[in-house]
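Architecture and fold: a report
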Amino acid sequence: MTLTRYSPLSVDDFAGLMNQMFADTPARGWTPSIDIFESENDVVLKADLPGIKLEDIDIRLENGNLTLKGERKFEKPETGKGYHRLERGYGAFARVFTLPDSLDDARVKADYKNGVLSVTIPKKEVAKPRSIKVEVAE
């Protein structure tokens, strides 16, 4: 019986990842930064999507999954201008978030302002915290 050492990332895979990470090409993919926070009544998702038009963003809620898709298109350089460095990522992205059953997915609201997408999902009434006064007999 031959034993083979498990290697989750081979040298070739690692070299490919490093080349992709440090490549100065506009085809490099990107993933927008997203904050998720919870208030007493809602769960809010905020995604930084600078430079993306509203028509290039797709928000779907299906089977308890919230999917954000979009694309930041590469702006072709103007004639006579030479780029020295390209650090901003371009291309398509997709993020999927599984939502708990305690959220009311029928009342989702979205807002897009100044390159920030806000998705607000209200909690169901049963999921909201409530206080009950308990009287203690002496």
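Along every chain, residues carry numbers that run from 1 in the direction the sequence is written. Side-chain atom pairs in this predicted model are given and counted only at pLDDT of 80 or more, local residue features only at pLDDT of at least 70, and totals for whole chains, interfaces and linings cover all residues. By convention in this description, side-chain values take in all heavy atoms of the structure and omit both hydrogens and water.

With that out of the way, let us pick up the pattern of salt bridges. By convention in these notes, a salt bridge is any Lys or Arg side-chain nitrogen within 4 Å of a carboxyl oxygen on Asp or Glu. Evaluated as defined, the whole model comprises four salt bridges. Across the pair K123 and E38 runs a salt bridge, and its minimum N-O distance is 2.5 Å. Of this pair, K123 sits in the segment after strand 7 (116-122) while E38 sits in strand 1 (residues 34-38), and the two are 85 residues apart along the sequence. When a residue's accessible area, from a 1.4 Å probe over protein chains only, is under 20% of the maximum for its type it is buried; when over 50% it is exposed; and in between it is partly exposed. Under the relative-accessibility criterion, E38 is labelled exposed at 56%. In this structure, D56 and K73 form a salt bridge, with 3.4 Å as the shortest nitrogen-oxygen distance. Note that D56 is positioned in the loop between strand 2 (42-48) and strand 3 (57-62) and K73 in the loop between strand 4 (65-72) and strand 5 (91-98), a separation of 17 residues in sequence. Labels follow the DSSP assignment, with helices taken as runs of H or I lasting at least four residues and strands as runs of E lasting at least two, numbered in each case from the N terminus.

The buried category is assigned to K123, whose relative accessible area is 8%. For the pair K123 and E38, spaced 85 residues apart in sequence, the C-alpha to C-alpha distance is 9.6 Å. Engagement of the side chain of K123 in a polar contact is seen with the side chain of E38, the distance being 2.5 Å. Counting of polar contacts relies on pairs of N or O atoms within 3.5 Å, with two restrictions inside protein: one atom must be capable of donating a hydrogen and the other of accepting it, and residues adjacent in sequence are counted only when both atoms are side-chain atoms.

What follows deals with the sheet that holds strand 3. Taken in spatial order, the three strands make up an open sheet running 3-4-5, and their pairing is antiparallel. Strands with a single pairing partner mark the edges of an open sheet, and in this sheet they are strand 3 and strand 5. When strand polarity is set aside, the average angle formed by the axes of neighbouring strands in this sheet is 10 degrees. Pairing of strand 3 with strand 4, which is carried by six bridges, proceeds in the antiparallel orientation. Residue pairing for strand 4: D58 is matched across the bridge by K69. Each pair of strands is called paired provided DSSP finds at least two bridges between the two strands. Axes here refer to lines fitted to C-alpha atoms; in helices the fit is confined to the stretch in contact. Angles between the N-to-C directions go from 0 to 180 degrees.

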